[in-house]
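A closer look at the structure
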Amino acid sequence: MRVEKTLVSTNRIREMGHRPLLVVRDKAGGTPSVAVDAIGCIPGDWVICVGSSAAREAAGSKDFPSDLTIVGIIDQWDEEKNG
């Protein structure tokens, strides 16, 4: 997925803490998703995301309310070759 921008959410449930939220897409023109940033990404980064229970654990706890968490930054990705 590729990070598009930061999502600002001033009102959150307490369990989310202050983890950054980012808008990501799996491809140009694809549906945007919101992911918890567990590693410190910036817009334009190509990233690896996990979902479901793995997303909650990667965000810090099995009780964390996340269904998509960024767990890695891809160092090199050619969008034209790799889609």
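Presented here is an overview of the structure given in this document. Since the structure is predicted, the reported quantities are computational estimates derived from the model, not experimental observations.

1. A short note on the overall build of the chain
Within the chain one finds 2 helices and 5 strands. Put simply, the chain runs from its N terminus to its C terminus through helices and strands in the order β-β-β-β-α-β-α. Computed over the C-alpha atoms, the radius of gyration of the chain is 13 Å, within 12% of the 12 Å expected from 2.2 N^0.38 for a compact globule of 83 residues. In the chain, which comprises 83 residues, the proportion classed as buried is 27%. For the chain, contacts bridging at least 24 residues in sequence account for 47% of all contacts bridging at least 6.

2. Examining the environment of threonine 6
One can find threonine 6 in strand β1 (residues 2-7). Separated by 36 residues in sequence, threonine 6 and isoleucine 42 have C-alpha atoms that sit 8.0 Å apart. Excluding its chain neighbours within four sequence positions, the residues that come into contact with threonine 6 are Leu21 and Leu22.

3. Description of the sheet that holds β1
The mixed open sheet is built from 5 strands, whose spatial order is β1-β2-β3-β5-β4. Among the strands making up the open sheet, the edge pair consists of β1 and β4 (47-51). When the angles between neighbouring strand axes are averaged without regard to direction, this sheet yields 45 degrees. Pairing of β1 with strand β2 (residues 21-25), which is carried by 5 bridges, proceeds in the antiparallel orientation. Within the sheet, the bridge partner assigned to leucine 7 lies in β2 and is leucine 21.

4. A few points about the pairing of strand β3 (residues 33-37)
Note: β2 against β3, 4 bridges, orientation antiparallel. Within β3, the residue paired with leucine 22 across the bridge is alanine 35. For β3 and strand β5 (residues 68-73), the ladder comprises 2 bridges, and the chain directions are parallel. Within the sheet, the bridge partner assigned to valine 36 lies in β5 and is threonine 69.

Reading the values: the criteria
Residues numbered from 1 in each chain as written. Predicted model: local features only at pLDDT ≥ 70, side-chain atom pairs only at ≥ 80, totals over all residues. Heavy atoms only, no water. Helix = DSSP H or I, 4+ residues; strand = E, 2+ residues; numbered from the N terminus. Rg over C-alpha atoms; globule rule 2.2 N^0.38 Å. Buried < 20%, exposed > 50% of the residue type's maximum accessible area, 1.4 Å probe, protein only. Contact = heavy atoms within 4.5 Å. Pairing = 2+ DSSP bridges. Axes fitted to C-alpha atoms, helices over the stretch in contact; angles between N-to-C directions.

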